[in-house]
Amino acid sequence: MFNNKKFDGNKLKYGIYYAIAVAVILFVVNSYVMNLKTEHIKYSDFMTYVSQNKVEEVQISKDRIIITPKLKEGEKSKILYTERIDDPDLIKKLEEAKVKNGIKYSGSPLENNPIKNFILNWILPIIIFMFIGRILFGRLDKKMGSGVMSFGKNTAKIYAENETGITFNDVAGQEEAKESLVEIVDFLHNPQKYTDIGARLPKGALLVGPPGTGKTLIAKAVAGEANVPFFSISGSAFVEMFVGMGASRVRDLFEQAQQKAPCIIFIDEIDAIGKSREGNIAGNDEREQTLNQLLAEMDGFDSSKGVVILAATNRPEVLDKALLRPGRFDRRVIVDRPDLKGREDILKVHSKGVKISSTADLSAIAKGTPGAVGADLANIINEAALRAVKNNRKEVVQEDLEEAVEVIIAGKEKKDRILSDAEKRSVAFHEVGHALVAALLKHTDPVHKITIVPRTMGALGYTMQLPAEEKYLITKEEMMDQICVMLGGRAAEETEFNTISTGASNDIERATQTARSMVTVYGMTERFDMMGLESIQNRYLDGRPVLNCSAETAAIIDEETLKIIKTSHEKVKNLLRDNMNLLREISEKLLEKETLMGDEFIAMVKGNGASKEYLSKEQE
Ligand code: ADP
Ligand code: MG
Ligand code: ZN
């Protein structure tokens with residue numbers, strides 16, 4: 001990666017202008033002061049002054065004598081000087097005058113050293129001026145929007161890479177995204193083919209998806225596949241800049257890119273500049289100017305030369321509509337979280353350069369990481385490799401990978417975190433409560449692991465369930481049972497200790513959310529049938545749902561949600577009461593071992609006579 005020099009050129013140019021201006025001012029001021037205050041007199045006059053008692057003080061240097069005359073009333077102070085001539089009697093005469101009239105004399109080293117002089121008279125003031133100028137003009141620059149004095153903070157760097165060296169092979173699990181970008185690659189290879197037939201060419205594409213899914217990677221891969229230079233800049237860097245700078249950066253970016261066409265311009269985090277201007281009266285001048293410049297550049301440039309603009313965002317809904325108009329970012333490429341196969345492929349890509357044992361099972365790791373994005377998976381492989389080194393192994397084994405999953409997904413293991421025995425007991429019963437409900441109900445995922453080893457990321461313990469296969473649809477029965485599993489932790493505490501703790505807060509939040517969306521989003525209640533009551537505005541980040549119904553209806557929604565939770569809670573409490581022995585037996589085992597794997601757990605459940613199969617037969 002190199003930083004293009006051209007973009008520092010302006011700064012240098014203005015810097016030189018500034019230095020020249022300062023030098024001229026200093027020269028004028030300096031000579032003015034000199035002329036005003038120091039007067040040349042003849043050596044003979046100096047001698048006369050001394051004998052006439054008109055001198056206060058004398059400073060003798062190598063080639064000058066500086067005289068401070070005695071002042072009459074109302075006279076302004078001044079300095080006289082004369083050349084020092086070879087006068088062997090000078091000191092004698094001054095000594096006489098000192099005794100007689102009390103004049104002071106001394107040798108001054110000041111005038112002796114031309115280098116020191118130069119530094120004191122010129123360099124030092126220039127430095128001080130520059131310093132003051134920096135502060136002053138830095139402010140001015142901000143206020144007046146002039147780009148002339150570019151001494152201020154300037155963070156938006158344009159990165160240029162002649163070859164990214166990244167191809168589509170480096171991007172795994174994003175087949176659809178790659179497919180929709182193949183055309184752009186082809187266009188960059190051979191713009192002629194498209195212009196000949198008169199096709200309107202895509203100017204830009206917007207890569208949309210959650211953080212870490214590989215948007216930046218894909219943009220680089222497009223450049224790599226097409227074998228063209230890659231110019232990139234990050235939207236967030238503009239936010240801190242002075243007014244006007246962002247716009248000029250955008251201009252620079254397009255100017256430079258067009259000289260190197262065909263090429264790719266990549267604007268990362270475009271939402272930082274491309275935020276909607278509506279409903280934002282106070283506004284951010286800088287962002288608006290930058291956005292306007294970007295729009296102008298996108299409209300202005302001739303895409304037949306082969307410049308394609310890619311941008312990335314994880315918040316498409318906040319973007320200004322103007323950016324999405326035809327002829328701008330009129331294509332959207334969704335870069336979503338990878339599915340099971342995608343995750344396995346990503347793990348494979350990242351384990352290429354890593355020595356991995358032939359017994360390691362990447363597909364099991366992929367299975368255990370639903371929801372993980374490419375960046376997480378890349379981290380997992382690296383973490384596993386680090387762990388292998390730490391344990392003096394020559395290759396990464398399955399255990400390293402599994403441990404890495406926990407480190408990346410659930411936070412580092414913290415065995416030294418001290419829980420009191422009572423706390424530990426209640427955590428154990430809580431977790432076994434979750435697990436047991438999962439095992440005893442019909443429409444649930446199998447339990448993979450139960451642990452009460454605390455993690456740094458908050459949880460004191462957790463129960464991990466793994467779907468037997470990747471699921472895209474969830475049935476009503478499954479959702480109801482999921483809620484029951486979430487409530488199982490608290491219910492176990494209640495049945496065993498007859499008291500409750502704060503440990504269930506996260507379970508409560510999740511259970512409530514699930515129950516609510518059954519009512520408002522999925523149409524799973526009799527009361528509201530298939531009436532949609534909520535829409536989700538922010539799909540990729542905060543995902544805040546917005547109710548679109550009357551206040552009365554909202555109150556009924558609360559009622560319905562509560563009903564689901566209450567019935568589930570009752571059901572779970574009964575279920576656990578009926579299996580009290582099992583709950584105790586497994587909890588004690590967990591307290592002893594701290595971690596139980598899925599098969600150990602299931603063996604205990606079955607050994608006790610209860611099992612999913614058994615229950616499902618009973619229920620039907
Ligand atoms: P985004 O820009 O979407 O936030 P990045 O492209 O910066 O994500 O991804 C960060 C890193 O994660 C990449 O450099 C790469 O190592 C890894 N990564 C992410 N997605 C993928 C993927 N689909 N295939 C391979 N590696 C990926
Ligand atoms: Mg990125
Ligand atoms: Zn819990």
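Residues numbered from 1 in each chain as written. Chains lettered and ligands numbered in written order. Predicted model: local features only at pLDDT ≥ 70, side-chain atom pairs only at ≥ 80, totals over all residues. Heavy atoms only, no water.

**Focus: the site of ligand 1**
Put simply, the test is: The rule for a residue being near a molecule or strand is that one of its heavy atoms must lie within 4 Å of it. In protein, a polar contact requires one atom able to donate a hydrogen and another able to accept it; more generally it is a pair of N or O atoms within 3.5 Å, and residues adjacent in sequence count only if both atoms are side-chain atoms. Only the protein chains shown count as cover for residues, with accessible areas throughout obtained via the Shrake-Rupley method and a probe of 1.4 Å. Here a strand is any run of E in DSSP of at least two residues, a helix any run of H or I of at least four, and the numbering for each starts at the N terminus. Residues were grouped as follows: Ala, Val, Leu, Ile, Met, Phe, Trp, Tyr, Cys and Pro as nonpolar; Asp, Glu, Lys and Arg as charged; and all remaining residues, including Gly, as polar.
Taken together, the neighbourhood of ligand 1 is formed by 15 residues, with Ala172, Gly212, Lys215, Thr216 and His350 sitting nearest. Between a nitrogen atom of ligand 1 and a main-chain N or O atom of Ala172, the distance comes to 2.7 Å. Separating a nitrogen atom of ligand 1 from a side-chain N or O atom of His350 is a distance of 2.7 Å. For ligand 1, whose free accessible area comes to 560 Å², the fraction covered by protein is 78%. The element best represented in the shell around ligand 1 is helix α7 (residues 215-226), accounting for three residues. For the shell around ligand 1, the class distribution of residues is six nonpolar, seven polar and two charged.

**A short note on the sheet that holds strand β17 (residues 595-597)**
Quick reminder of the rule: DSSP calls a pair of strands paired once it identifies at least 2 bridges connecting them. Interaxial angles span 0 to 180 degrees and are taken between N-to-C directions of axes, which are lines fitted to C-alpha atoms, for helices over the stretch in contact.
Pairing is antiparallel in the open sheet, where three strands are placed in the order β14-β13-β17. A strand with exactly one partner marks an edge of an open sheet, and here the two such strands are β14 (462-465) and β17. Strand-to-strand twist across the sheet, computed as the mean angle between neighbouring axes with direction ignored, equals 10°. Pairing analysis gives three bridges linking strand β13 (residues 447-451) to β17, with the strands arranged antiparallel. When the bridges of β17 are listed, Thr451 appears paired with Thr595.

**Considerations on the pairing of strand β3 (residues 55-60)**
Bridge analysis of β3 against strand β4 (residues 64-69) gives five bridges, and the strand direction is antiparallel. Its bridge partner lying in β4, Val55 is registered against Pro69. Note that β3 and strand β6 (residues 104-107) share four bridges and pair parallel. Bridge pairing in β6 links Gln59 to Ser106.

**With respect to the UniProt feature "active site" (unreviewed entry) in the protein**
Under the convention used in this document: UniProt positions are given in the numbering used here, feature names are shortened, and annotations may be inferred rather than shown by experiment. Three exposure classes are used, based on accessible area relative to the maximum for each residue type with a 1.4 Å probe and protein chains only: buried under 20%, partly exposed in between, and exposed over 50%. Contacts are assigned to residue pairs that have any heavy atoms within 4.5 Å of one another.
Under the present numbering, the feature "active site" (unreviewed entry) in UniProt falls on Glu431. Inspection of the secondary structure puts Glu431 in helix α16 (residues 421-440). On the basis of relative accessible area, Glu431 is assigned to the buried category, the value being 6%. Those residues within four positions of Glu431 in sequence are excluded, and the remaining contacts are Ile450, Thr451, Ile452, Gly461, Tyr462, Thr463 and Leu590.

**As for the nonpolar core**
Short version of the rule: As used here, the term nonpolar core means buried Ala, Val, Leu, Ile, Met, Phe, Trp, Tyr and Cys residues forming a set that is joined through side-chain atoms within 4.5 Å.
Judged by nonpolar contacts, the single largest core of 31 residues is most densely connected at Leu436, Val437, Ile586 and Phe601. When contributions to this core are tallied by element, the ones reaching two or more residues are α16, β13, α17 (476-497), α19 (551-578), α20 (580-593) and α21 (598-607). It is α16 that contributes the most residues to this core, 10 residues altogether. Beyond its immediate sequence surroundings of up to four residues, Ile586 is in contact with Val432, Leu436, Leu596, Phe601, Met604 and Val605.

**Quick word on the coordination of the zinc ion (ligand 3)**
Tetrahedral coordination by four donors puts the ideal angle at the metal at 109.5 degrees, and octahedral coordination by six puts it at 90 or 180 degrees. Note the following rule: Because no water is among the atoms considered, metal sites can look incomplete, with donors defined as N, O and S atoms within 2.8 Å of the metal, or 3.2 Å for Na, K and Ca.
Bound to the zinc ion (ligand 3) on the protein side are His430 (NE2), His434 (NE2), Asp507 (OD) and Asp507 (OD), at distances that span 2.0 to 2.8 Å. Here the donor residues for the zinc ion (ligand 3) map to a single chain with the spacing H-x3-H-x72-D. Placement of His430 in helix α16 and of Asp507 in helix α18 (residues 505-520) is noted, with a sequence separation of 77 residues between them. Grouping residues by exposure puts His430 and Asp507 together as buried.

**Side note on the environment of Lys571**
The residue Lys571 is located in helix α19 in this model. What makes Lys571 partly exposed here is its relative accessible area of 43%. Along the sequence, Lys571 and Ala491 sit 80 residues apart, while their C-alpha atoms lie 9.7 Å from each other. Apart from the residues lying within four places of it in its own chain, the contact partners of Lys571 are Leu441, Asp481 and Cys484.

**Observations concerning the packing of α17 against α19**
Condition: Any angle from 65 to 115 degrees is called roughly perpendicular, while one under 35 is roughly parallel, one over 145 is roughly antiparallel, and all others are oblique. Each crossing gets its hand from how the near helix is turned against the far one by less than a right angle, where anticlockwise is left-handed and clockwise is right-handed.
Two elements in contact, α17 and α19, have axes separated by 8 Å at closest approach and are oriented at 55°. In terms of orientation, α17 lies oblique with respect to α19. Here α17 and α19 pass one another in a crossing that is right-handed. Across the interface between the two elements, Met480, Asp481, Ile483, Cys484, Leu487, Gly488, Ala491, Ala492, Glu494 and Thr495 from α17 touch Ile564, Ile565, Ser568, His569, Lys571, Val572, Lys573, Leu576 and Arg577 from α19. Of the residues contributing to the contact of α17 with α19, the split by class is 10 nonpolar, four polar and five charged.

**Quick word on the pattern of salt bridges**
Formally: Salt bridges, as used here, are contacts in which a Lys or Arg side-chain nitrogen is within 4 Å of a carboxyl oxygen on Asp or Glu.
What the rule picks out here adds up to 22 salt bridges. Notably, a salt bridge pairs Asp186 with Lys193, separated by 2.9 Å at the nearest N-O pair. With a shortest N-O distance of 4.0 Å, Asp507 and Arg510 are connected by a salt bridge. Linking Asp507 with Arg510, this pair stays in helix α18, spanning three residues, or about one helical turn. The class of Asp507 is buried, set by a relative accessible area of 9%. Linked through salt bridges whose partners overlap, the residues forming this network are Arg387, Arg393, Glu399 and Asp400.

**So, the sheet that holds strand β5 (residues 79-83)**
One open sheet holds the five strands; their spatial order is β2-β5-β4-β3-β6, and the pairing between them is mixed. Each of the sheet's edge strands pairs with one partner strand only, and the pair in question is β2 (38-40) and β6. With strand direction ignored, the average angle separating the axes of adjacent strands in the sheet is 25°. Summarising the sheet, β4 and β5 pair through four bridges and their orientation is antiparallel. Paired with Ile66 across the two strands is Tyr81, which belongs to β5.

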